[in-house]
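Per-entry structural report
Below are the chains, spelled out letter by letter.
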Amino acid sequence: MKDNTSYRYANENPCNMCMPMGGIISFKGVEKSMVIIHGSQGCSTYMRRHIAEHFNEPVDVASSSLNEKGTIYGGENNLRKGLDNLIKLYNPGLIGVLTTCLAETIGEDIERITSDYLKDRGLTDLPVVAVSTPGYGGTHTEGYFLALKKIIYRLAGKAGKNSRINIIVPSLSPADIREIKRILHVMDVDCILFPDYSDTLDRPFERPYKKVPDGGTRLADIAMMPGAAATIQMGVTAGDNISPGGYLESHFGVPLYNLPIPMGIENTDLFVETLKNLTGNDVPENLRQERGRLLDCMVDSHKYNFEGRSVVFGEPENVYAIVKTCLENGIEPVVVATGGKSNKLTELLKSCLNGCRGNVHFLDETDFSEIREKSKESAANIAIGHSDGRYLTEREGIPLVRHGFPIHDRVGGQRLLSVGYLGTTMFLDRITNTLLENKYGSYRSNMYQKFYQNTGDNPLQTMR
Amino acid sequence: MEEMEVVLLTGLPIEERRDFILTKGKQKRQLKCDADSVAGSVSQRACVYCGARVVLNPVTDAVHLVHGPIGCASYTWDIRGSLSSGADLYRNSFSTDLKEHDIIFGGEKKLARAIDELVRKYRPKLVFVYSTCIVGVIGDDLEAVCKAASGKHGIEVIPVQSSGFIGNKSAGYRAACDALMRLIEPGEKKYVIKSKNINYLGDFNLAGEAWIIKRYLSRMGVDINVVFTGDSSYAALKKAAGASLNIIQCAGSMIYLASRMEENYGIPYMNVSFVGIEDTSNSLRNIAKAFNDPEMAYKAEQLIEHETALVKPAIQRYREKLEGKKAAVYVGGGFKAVSLIKQFKEIGIDVVMIGTQTGRPEDYRRIGDLVDDGTVILDDANPAELEKFMLEKGADLLVGGVKERPLAYKLGIAFIDHNHNRKHPLSGFIGAVNFAEEVYATVCSPVWNYI
Ligand code: SF4
């Protein structure tokens, strides 16, 4: 099934970002936290720009601004000064220190530097979480999960068992996180959702402006995660070495329910079912009605959706959820792609794509040049993924339904709702309507060409 | 910068930042600028590589290959609105996607193979290879790899020395200019110098701005030899030495190239600005003056009169609505900042706070001359300072880039996008109307009534 063409030396239009980028997003989901990137000024500025444009929120991230001297003689002084200034400016409750390619290449030991720093300053109560995130070491997705794991590791308290349930979410839109919180609320689940950037990266307009936004998972809550009754992690594609839920299970014995993002009927059922089993609570009527409406939507749209041949790309966790949703609705995934290497995704797809009607191209460690090529080859008619896929529309005329991070050429990436029964319904409508728009847009001229001008010689050509 | 007073910088927690901030007033003090960013200050600046990429990326038919890890290429893929009349190879972001293994064993081989691969696939005449932070550290010899590839393929493969930590964005401009110099062939022998043929430096053809200026000049009887670098191509850049005059708009990025071309090829240069009616008109007049051509001067006057008449009424209408509003400006370079002050004056707006990421001392001197007493001037600002001074000075709008926009909006302040990603021209007479219209659209929007 996997069919990356022979080894290539040049990446042509990247489909992923670098590790520290994902780390920033994780820390954004922690109450009163700030991040400093240990490296040259550019890395942090690029990432801030990317995040700010997607979420339309100010994203203040410090940099140790390594210069030539720091690069040659070590960047400890820069990092210490950076921490001093960051604390003065923002008075954070927690600081994330992320490395970059440069810091890693010159061999900076951020664990040591930060612990020395805290001792010297008498700040041993200030939690500082140092995460090694060389840009060349992995994708932003890996940086995201690794940072979560490190935060839990650092904050894990000694408190005993509690009856709460950990909910660990992957990179989702703030609207999605809010929807998951709502489901948890209506199911009456006592939980710790982590990371929660639903407010910090999508805050309401209010005065006065706060430099450090409200919201985020509380530090005291994170400290309780090792004592929780169970963990539900939406991270079936996360590697074992970076899985925060896996860490909680292996080190603290918290049973792990590793589930896909609740998107599509099956995966949402799985989530709700798991909550039901863990809490013993019934599924309330309004949630059941939402499920019914999703079913109704699926039936109403099934014939339109059946014409869909989709290109799905982005972060592995999202890709898997979208592919499953496509399959449930008769939309045929023809190209499935992710920028990094993901063995878990490969495994998962193997089992679910087997029943597909035609040939599916699965591409990992890929780029947009390859995605484009394969999409064209397989006559895809809809693309689903972040806005870097816009060339598929511009160059190949394949409409793009924007989903995931980053979305730079449209507004509202932070408000896109796609999870749960309700969110899936909205997601499906976006897909179906895009297919319809495309169909209606060209239908008259197509039919005219085919039958009036008689170019449609083979009537079976379009049959699938 | 004389006649400047030290403001009470209360509430500025970082001591070291004080030298970078001034209020125009009575006491004498030089504004500190062109220095490394203060660690942890949350600078809005980008890096050397970014500066180099901004300048070179508009070369339309070149392969732009980033030698480094994936992120650097990912964050700079097609994020700028430079337009092309021909090739569109420049809209791709190519990367050697260095991984752990390459960091340990070196990336030279991978780079050489990546160049081979791209040359085979796209058949370019020119490849720019950008170096990123780690390339310098792992010791890859970019120069040697490029030279070998150049010989092998019979095309130009030019290294751009843009390792992130060697300085700030200005160092990147320099690296880009060095790369461009390597491309230009000596003039005299090969090309006949046409007398009314000029190079236009420092326009990246955002939203077709270089095309607008090209038309103005051609109406005056002046041909543009090549634009650096908006909508430029390998062939056109090669002939750059065949011009009789260089006009520079974005001095921050291009003055170095202009002076090197003067040194090497004897091409004189002059500064111009096509931002706002006043600057545009004066620049066209000055070009005619430089050629000492009365007919050209006459045509310039006609053009100015004609175009001004077309846009004046609209601008006047906006001015009536905007008179007395206060603007804050935080942009990349000094050229932009200076022209914005003048452009705001044309629509009746005073600038109350102004700063740049990479302004040079002479830029700040000009800024100091142009703004009123009490205006805050700052170099390499951070969000905390922008917030503080915009609120203290009662700014109604901010001009800035993508990172500054959400801050302005959260503060309930109007915003003008003045970055490389915008989709409408701000140059020339048409640009002056667009600018006024954008200011009007954001300052006078009904949404502010609800917050
Ligand atoms: S890939 Fe490395 S150098 Fe480039 S932005 Fe990411 S961390 Fe910085």
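How each quantity is defined
For every chain, the first residue of the written sequence is number 1, and numbering continues from 1 onward in sequence order. Just so you know, chain letters begin at A and ligand numbers begin at 1, following the order they were written in. Local features in this predicted model are restricted to residues of pLDDT 70 or higher, and side-chain atom pairs are both shown and tallied only at a pLDDT of 80 or more, whereas totals for entire chains, interfaces and linings draw on every residue. The basis for every side-chain value is the complete set of non-hydrogen atoms in the structure, without hydrogens or water. Simply put, an axis is a line fit to the C-alpha atoms, just over the touching stretch for a helix, and the angle between two N-to-C directions goes from 0 to 180 degrees. Counting from the N terminus, the helices are the DSSP runs of H or I reaching at least four residues and the strands are the DSSP runs of E reaching at least two. Every angle not falling under 35 degrees, over 145, or within 65 to 115 is termed oblique; those three ranges are roughly parallel, roughly antiparallel and roughly perpendicular. A contact between two residues is defined here by any heavy atoms of the two lying within 4.5 Å. Ten residue types, Ala, Val, Leu, Ile, Met, Phe, Trp, Tyr, Cys and Pro, are classed as nonpolar, four, Asp, Glu, Lys and Arg, as charged, and the remainder, Gly among them, as polar. Throughout this document, a residue counts as near a molecule or strand when at least one of its heavy atoms sits within 4 Å of that molecule or strand. Following DSSP output, two strands are said to pair if at least two bridges run between them. Stacked, tilted and edge-to-face are the three classes assigned to paired rings of Phe, Tyr and Trp, where Trp is represented by its six-membered ring and a pair needs centres within 6.5 Å; plane angles under 30 degrees give stacked, over 60 edge-to-face, the rest tilted. Relative accessibility under 20% of the residue-type maximum defines a buried residue, over 50% an exposed one, and the middle range a partly exposed one, all with a 1.4 Å probe and only protein chains included. Residue ranges assigned to the domains are those given by an automatic or database domain assignment. Any carboxyl oxygen of Asp or Glu that lies within 4 Å of a side-chain nitrogen of Lys or Arg is treated as forming a salt bridge with it. Between N or O atoms, a polar contact is any pair within 3.5 Å; within protein, one atom must be a potential hydrogen donor and the other a potential acceptor, and residues adjacent in sequence are included only when both atoms are from side chains. Think of a nonpolar core as a cluster: buried Ala, Val, Leu, Ile, Met, Phe, Trp, Tyr and Cys residues, connected wherever their side-chain atoms sit within 4.5 Å.

**Describing the packing of helix H13 (residues 294-322) of chain B against helix H18 (residues 428-443) of chain B**
Between two packed helices, what matters for the description is the angle formed by their axes and the separation of those axes. All names here are of chain B. One way to put it is that H13 packs onto H18 with a least axis distance of 9 Å and a crossing angle of 10°. Here H13 lies roughly parallel to H18, going by the angle between them. Every residue of H18 that contacts H13 at Leu303, Ile304, Glu307, Thr308, Val311, Ala314, Ile315, Tyr318, Lys321 and Leu322 is listed here: Phe429, Ala432, Val433, Ala436, Glu437, Val439, Tyr440 and Val443. The class makeup of the residues in the contact of H13 with H18 is 14 nonpolar, 1 polar and 3 charged.

**Some points on the site of the ligand**
Neighbouring the ligand are the residues A:Cys18, A:Pro20, A:Cys43, A:Met47, A:Thr100, A:Cys101, A:Gly135, B:Pro69, B:Gly71, B:Cys72 and B:Tyr75. The residues that come close to the ligand belong to more than one chain, namely chains A and B. Elements with a contribution of two residues or more to the shell around the ligand: helix H2 (41-55) of chain A together with helix H2 (70-74) of chain B. Its residues assigned to classes, the shell around the ligand shows 8 nonpolar, 3 polar and no charged.

**Structural notes on the sheet that holds strand S7 (residues 197-203) of chain B**
Residues and elements named next belong to chain B. The sheet built from 4 strands is open, its strands ordered S8-S7-S9-S10 with parallel pairing. Each end of this open sheet is capped by a strand with a single partner; those strands are strand S8 (223-229) and strand S10 (269-271). In this sheet, adjacent strand axes meet at a mean angle of 25° when their direction is disregarded. With 6 bridges joining them, S7 and S8 adopt parallel strand pairing.

**Topic: the environment of A:Glu266**
All names here are of chain A. Position of Glu266 relative to the elements: it lies in helix H11 (residues 265-279). Here the alpha-carbon distance between Glu266 and Lys324, two residues 58 residues apart in the chain, equals 8.3 Å. Discounting chain neighbours no more than four positions away, the residues touching Glu266 are Lys324 and Glu328.

**As for the packing of aromatic side chains**
Residues and elements named next belong to chain B. The final tally for this structure, using the stated rule, is 19 aromatic pairs over all chains. Their ring planes at 45° and their centres at 5.3 Å tell us that Tyr318 and Tyr440 sit as a pair that is tilted. Of the two residues, Tyr318 sits in helix H13 while Tyr440 sits in helix H18, which places them 122 residues apart along the sequence. Assessed through its relative accessible area of 16%, Tyr318 is described here as buried. When the centroid spacing of 6.5 Å and the interplanar angle of 50° are considered together, the rings of Tyr409 and Trp448 count as tilted. Linking Tyr409 in helix H17 (residues 405-410) with Trp448 in the segment after H18, this pair joins segments that are 39 residues apart in sequence.

**Considering the sheet that holds strand S11 (residues 332-337) of chain A**
Residues and elements named next belong to chain A. Pairing within the open sheet is parallel, and its 5 strands lie in the order S12-S11-S10-S13-S14. Two strands lie at the open edges of the sheet, namely strand S12 (361-363) and strand S14 (400-402), each paired on one side alone. When strand polarity is set aside, the average angle formed by the axes of neighbouring strands in this sheet is 20°. For strand S10 (residues 309-313) and strand S13 (residues 382-385), the ladder comprises 3 bridges, and the chain directions are parallel. When the bridges of S13 are listed, Val311 appears paired with Ala383.

**Things to note about the domain arrangement of chain A**
Residue and element names in this part refer to chain A. For chain A, the domain assignment lists domain 1 (19-138), domain 2 (165-204 + 211-279) and domain 3 (285-449). For domain 1 and domain 2, the distance between their C-alpha centroids amounts to 25 Å. Every contact between the two is made by 18 residues of domain 1 and, on the other side, 18 residues of domain 2. Viewed at the interface, domain 2 and domain 1 are joined by 2 salt bridges. Our enumeration of links across domain 1 and domain 2 arrives at 6 residue pairs in polar contact (both at pLDDT 80 or more). Elements with a contribution of two residues or more to the side of domain 1 that touches domain 2: helix H1 (19-28), H2 and helix H4 (76-90). Classifying every residue of the side of domain 1 that touches domain 2 by side-chain character gives 11 nonpolar, 3 polar and 4 charged.

**Here's the deal with the nonpolar core**
Of all hydrophobic cores here, the largest spans 142 residues; its most connected members are A:Ile167, A:Ile180, B:Phe128, B:Phe228 and B:Met254. Sequence-distant contacts of B:Met254, that is, excluding residues within four places in its chain, are made with B:Val55, B:Cys177, B:Leu180, B:Leu201, B:Gly202, B:Phe204, B:Phe228 and B:Ile248. Counting 61 residues, the second-largest nonpolar core is a separate cluster that includes B:Ala314, B:Val351, B:Phe435 and B:Ala436.

**Describing the pattern of salt bridges**
Residue and element names in this part refer to chain A. Overall, the coordinates contain 61 salt bridges over all chains when judged by the stated rule. For the salt bridge of Glu285 with Arg288, the shortest nitrogen-to-oxygen distance reads 3.7 Å. Residue Glu285 and its partner Arg288 are located together in helix H12 (residues 285-305), separated by 3 residues, close to a single helical turn. Given a relative accessible area of 48%, Arg288 falls into the partly exposed group.

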